[in-house]
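Overview (structure and organization)
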Amino acid sequence: APSAVVVNTDAGECTASGVALGTPVTADNCTVASVTNDAPAVFPIGGTTVTWTVTDGAGNTEIATQLVTVEDNEDPVISNCPTDISTVNDIGECGSIVTWGTPVADDNCNVNSFTSNFDSGDFFPVGETDVIYTAIDDAGNQVQCVFEVEVLNTEAPTFVTCPSDFTIENDPGVCGAIAEWDVPVVTDNCASVPTVISDNNPGDYFDLGTTLVTYEAFDGVGNSSTCMFEVTVIDTELPQVISQDITIPLGPDGTVTITPDMVDGGTSDNCDFDLSVTPNIFGTSNIGDNTVVLVATDPSGNANVTSAIVTIVDDEAPTVMTQDIVVELDDNGEVNITAQMVDNGSFDNSGSVSLAIDVNSFSCGEIGVNQVELTVSDASGNSSSGFANVTVVDVTPPTIEAPGVVTVFANADCVASGFDLGTPITSDNCNVDEVINNSPGVFNIGETIVTWTAIDQSGNQSQATQIVRVMDTISPTIEAPADVSVNTNNGCFAQNVNLGQPIVSGGCSVNYTVSNDAPSAFDLGETIVTWTLTTEDGISISATQIVSVEDNIAPTIVPPSTVTVTVDENCGVSSVSLGTPVVSDNCSVENITNDAPSTYSLGITTVTWTVTDASGNETTAEQLVIVEDNEAPVANLNDIEVVLNDEGIAEISFEDIDAGSFDNCEIVEVNVSQTIFDCSDLGDQFVTVVLIDAAGNSTTAFAKVSVQTDGIDSNNNGIPDVCDDSFEVSDDVDVPEAFTPNGDNINDQFVIPNLDEFTVKELSVFNRYGNLVYEHLDYDNSWGGERSNNGQDLPDGTYYYVLKLDEGKIKKGFVYINRVRQ
């Protein structure tokens, strides 16, 4: 035999497979016929003896043995090993009870021991502790699961006692007090004596007001807590108030304001204090003695009062404010002023003042700058004076009336000169200094405007105009432009027509106008335009021109929108409302027609609209008429019975169940969900029929097909002969072949084991003729052999069942009902 073999177990297994045994050494005096061994396919752990057998050609045999040793060198595996745990101490404890999910040890062979140094639920002190799980298998291989449990101390020290807020009065003569209290008591869950610090201690001096006293306690790991209370020192001493009388003048603004310090005569208090005086503002009505009240109030609201006399005096003269002014002489050459006109806001501290000036009237002789004196006086007899400049100006222009119109005749040189223009009439509020005109001396034919100007001594001017008319006695001639023929260019009109220019000749006048009566737009047809030349002398001459306008612009048409209609019962449609097209023409629309048919077929029809104007211009446009079929086919179906043939098959067609289905147009497609039936379809089956017409409209209907057999059971096995070989058996569940519903509480129900493992469990039971006798859509092992529809017991015999399970699996077979036990 081969040498002994030592191997390791297969990964994850406590056995070894695929062991290479080696090859035995054999020999025979004749021939070796065969060599065999009894080695197993899989070797267990430990030693296994393999026997080798050699056989020669004569049937002689010999054996030899080989030892195969399987060793386990695979460590156990620990699963669900917790990760490091960090938690906080239990309240009031210097540690915590810690729990975790228990690890699970597994091995390819067998776990011999599984131990740990701590268990879930043990108490762990504050700090870090290693938890070690150790698993050892039968072969001594071992593995560890190690994780750390850290317990943090997060509980701060606790103040057992802490003083409450308290209030004390100030010590006499000072603005504070010495306070006393009991020192707080502190405990901690770990530290025996926590560290306690505070910025204040019993017997300390506290200023007036509220002071927050804070004690802070620390344990060894930095947790801290505080105890806080307020010490309030109040002041109950009144200030000592002393006043003094004062005299004070009014200020420049007529008022004076005093401060408490001005009437304070040495007020004092143990703390600080504020002074107020009432009243503290005085005006002109307060001149003389006034009584004021001085109040001293400390920060605690303690107050004391006294009075003082304040004497107000006024010794300030008014302030004069002047302004220079400019005044205009009136139409009579005079002007008057008032003191208020040169005053620029003179004022006095006492309020009202009176104003006076030394000069108040001026005339043409005072044109220019004049000085006046303004005197301002107050009610106390104080007064002041100031000067202002009054500038007198004349802004009234003179009046002038020009001579009347002068009409003369042109000489042979077509000009006129040497005639008298006349004299204008002038006047002024003071005096007119100069009168001039802009006469050219020589006047051309037509009208010339001569401007006369009057100027007074101040340079003010006025103007008036005179017309000089020079008449021409020789008439000119005019020839109209050639006749014009154009197309319409704006609606049924022609605009901006280029008429051309007339020819003008003769006469000596250069001042004439040429006009015509052409309209802004020319109507269709002929229009006569009259051209007129008018001289400045009023002479008019006319000539005519013909403008012909033609229409060569075709009308426009926008057809009605696309019309969508539904076919009638004859798959067509008539009397379609097409709508009205939108038409327009630059002139007028003469006629609108279309080529619409009387009846529209299924589909799209193009209707052509034609519009014609009065000039015979024509335009077309197209409209679509869409005829749709939205009517689904009508399904009329029959329920039928079919009998399986000798092969256990029955086949139907649509014609077998059709009872006159129809469509208003045409049915182009018929789909029947099932046309072939076999033994699995025994009973009533509902087929789905879908009818589709040419437009894609569809109708879904249902028909019942009752699948039957001929009932012949020649071998008396409870199964019709045509179905003997048709049912299939699935291994998903083990369905019993019979049950005995006789009321003895033994096998009284049709119980299918392990049925609760399935979500879908629909049970249908048929008799030998294919009729459904029992049905339960969520079977619960409760059928006792009765009918579903009336609860009556079924006769003993063989029945065909169909059990539908998860994932579309079906279990079919036969079950025997036997109420007479044997």
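This write-up is about the structure you can find in this document. (Residues numbered from 1 in each chain as written. Predicted model: local features only at pLDDT ≥ 70, side-chain atom pairs only at ≥ 80, totals over all residues. Heavy atoms only, no water.)

Observations concerning the overall build of the protein
To be explicit about the condition: To qualify as a helix, a DSSP run of H or I must reach at least 4 residues; to qualify as a strand, a run of E must reach at least 2; elements of each kind are numbered from the N terminus. Residues are treated as being in contact if the distance between any of their heavy atoms lies within 4.5 Å. Here the accessible surface of atoms and residues is derived via Shrake-Rupley with a 1.4 Å probe, and residues count as covered only by protein chains that are part of the display. Note that His is not counted, nor are the chain ends; the positive residues are Lys and Arg, and the negative ones are Asp and Glu. To locate a charge, take atom NZ for lysine, CZ for arginine, CG for aspartate or CD for glutamate.
A count of helices and strands for the protein gives three helices and 69 strands. The contacts in the protein between residues at least 6 apart in sequence include a share of 58% that link residues at least 24 apart. When the accessible surface of the protein is totalled, it reaches about 44200 Å², and 47% of it is carbon and sulfur. In the protein, the 11 positive side-chain charges and the 129 negative ones have mean positions that sit 45 Å from each other.

A few points about the pattern of salt bridges
This is how it is decided: Any Lys or Arg side-chain nitrogen found within 4 Å of a carboxyl oxygen on Asp or Glu counts as a salt bridge. Working definition: with a 1.4 Å probe on protein chains only, accessible area under 20% of the residue-type maximum means buried, over 50% means exposed, and in between means partly exposed.
For the structure on display, the rule yields four salt bridges. For Lys761, the salt bridge is made with Asp756, and the minimal N-O distance between the two is 3.8 Å. Classification of Asp756 as exposed rests on a relative accessible area of 70%. A salt bridge links Arg819 to Asp793, with the shortest nitrogen-to-oxygen separation between them at 3.9 Å. Taken as a pair, Arg819 in the segment after β69 (810-817) and Asp793 in the loop between β67 (772-776) and β68 (797-804) lie far apart in primary sequence, 26 residues in all. The exposure class assigned to Arg819 is buried, which follows from its relative accessible area of 18%. In the salt-bridge network here, residues are joined through shared partners; they are Asp793, Asp796 and Arg819.

As for the layout of surface pockets
Applicable threshold: In this analysis, the protein atoms alone were mapped onto a 1 Å grid. Cavities are point sets where a 1.4 Å probe fits without being able to get out; pockets are open sets with protein on both sides within 12 Å along at least five of seven lines; lining residues have an atom within 4 Å of a point. Grid points are joined across faces, edges and corners, and a volume is the space filled by probe spheres set on the points. Basically, the charged four are Asp, Glu, Lys and Arg, the nonpolar ten are Ala, Val, Leu, Ile, Met, Phe, Trp, Tyr, Cys and Pro, and anything else, Gly included, counts as polar.
The calculated volume of the largest pocket comes to roughly 390 Å³. Around the largest pocket, the lining comprises 18 residues; the ones closest to its centre are Asp684, Gln685, Ser764, Phe766 and Lys804. Per-element tally for the lining of the largest pocket: the top contributor is strand β63 (residues 683-693), with four residues. For the lining of the largest pocket, a count of residues per class yields six nonpolar, six polar and six charged.

Some thoughts on the nonpolar core
Condition: Residues grouped as a nonpolar core are buried Ala, Val, Leu, Ile, Met, Phe, Trp, Tyr and Cys residues, joined through side-chain atoms within 4.5 Å.
The biggest cluster of nonpolar side chains holds 23 residues, and the ones touching the most others in it are Val642, Leu644, Ile657, Val705, Val707 and Cys723. Contributing elements (two or more residues each) for this core: β59 (640-643), α3 (654-657), β63, β64 (698-708) and β68. Non-local contacts of Val642, meaning those with residues more than four positions away in its chain, are made with Ala650, Ile652, Val705, Ser706, Val707 and Gln708. Ranked by size, the runner-up nonpolar core spans 20 residues in total, among them Val733, Val773, Tyr774 and Tyr799.

Remarks on the sheet that holds strand β55 (residues 589-594)
What counts is decided by this rule: Think of it this way: DSSP has to see at least two bridges between two strands before they count as a pair. Every angle, taken between N-to-C directions, lies between 0 and 180 degrees, and every axis is a line fitted to C-alpha atoms, over only the stretch in contact when it is a helix.
Taken in spatial order, the four strands make up an open sheet running β52-β58-β57-β55, and their pairing is mixed. One side of each edge strand has no neighbouring strand; the edge strands of this open sheet are β52 (563-566) and β55. In this sheet, neighbouring strand axes are inclined to one another by 25° on average, regardless of whether the strands run parallel or antiparallel. In this sheet, strand β58 (residues 618-628) lies alongside strand β57 (residues 603-613) in antiparallel orientation, the contact comprising 10 bridges. Across the sheet, the residue bridging to Thr612 is Glu618, located in β58.

Quick word on the side chain of Thr527
Its place among the elements puts Thr527 in strand β49 (residues 525-535). Those residues in contact with Thr527, other than ones at most four positions away along the chain, are Pro519, Phe522, Gln545, Ile546 and Val547.

Description of the packing of aromatic side chains
Aromatic ring pairs: the centre-centre distance and the angle between the two ring planes describe each pair. What counts here: Pairing of aromatic rings covers Phe, Tyr and Trp, the last through its six-membered ring, and needs centres within 6.5 Å; plane angles under 30 degrees mean stacked, over 60 mean edge-to-face, and all others mean tilted.
A complete count under the given rule lists 18 aromatic pairs for this structure. Pairing Phe114 with Tyr133 gives two aromatic rings, centres 5.6 Å apart and planes at 35°, and the pair type is tilted. A residue pair is termed long-range when its members are at least 10 positions apart, and Phe114 in strand β11 (residues 111-116) and Tyr133 in strand β13 (residues 127-137) qualify at 19 residues. Here Phe114 falls in the partly exposed class, since its relative accessible area comes to 31%. Tyr133 gets classed as buried once you look at its relative accessible area, which sits at 6%. Geometrically, the ring pair formed by Phe739 and Trp783 is tilted, given 5.3 Å between the ring centres and 55° between the ring planes.

What about the sheet that holds β63?
Strand order in the open sheet made by the four strands is β59-β64-β63-β61, with mixed pairing throughout. Every interior strand has two partners, whereas the edge strands, β59 and β61 (667-672), have only one. Adjacent strand axes in the sheet meet at a mean angle of 30° when their direction is disregarded. Here β59 pairs with β64 via four bridges, running parallel. Bridge pairing links Val643 to Gln708 in β64.

Concerning unusual backbone geometry
The omega torsion across Thr278 and Pro279 is -10°, close enough to zero to call that bond cis. Along the chain, Pro279 falls in the loop between β25 (274-278) and β26 (281-282). Residues other than glycine seldom take positive phi values, yet Asn496 does so here, at roughly 55°. Relative to the helices and strands, Asn496 is located in the loop between β45 (493-495) and β46 (503-505). Of note, Asn745 is a non-glycine position whose phi angle comes to about 65°, a positive value. The exposure class of Asn745 is exposed, given its relative accessible area of 72%.

Digging into the side chain of Ser706
Within the fold, Ser706 resides in strand β64. Setting aside chain neighbours within four positions, we find Ser706 in contact with Ile640, Glu641, Val642, Gly683 and Asp684.

Regarding the environment of Asp793
Classification of Asp793 as exposed rests on a relative accessible area of 54%. For the pair Asp793 and Pro741, spaced 52 residues apart in sequence, the C-alpha separation works out to 9.4 Å.

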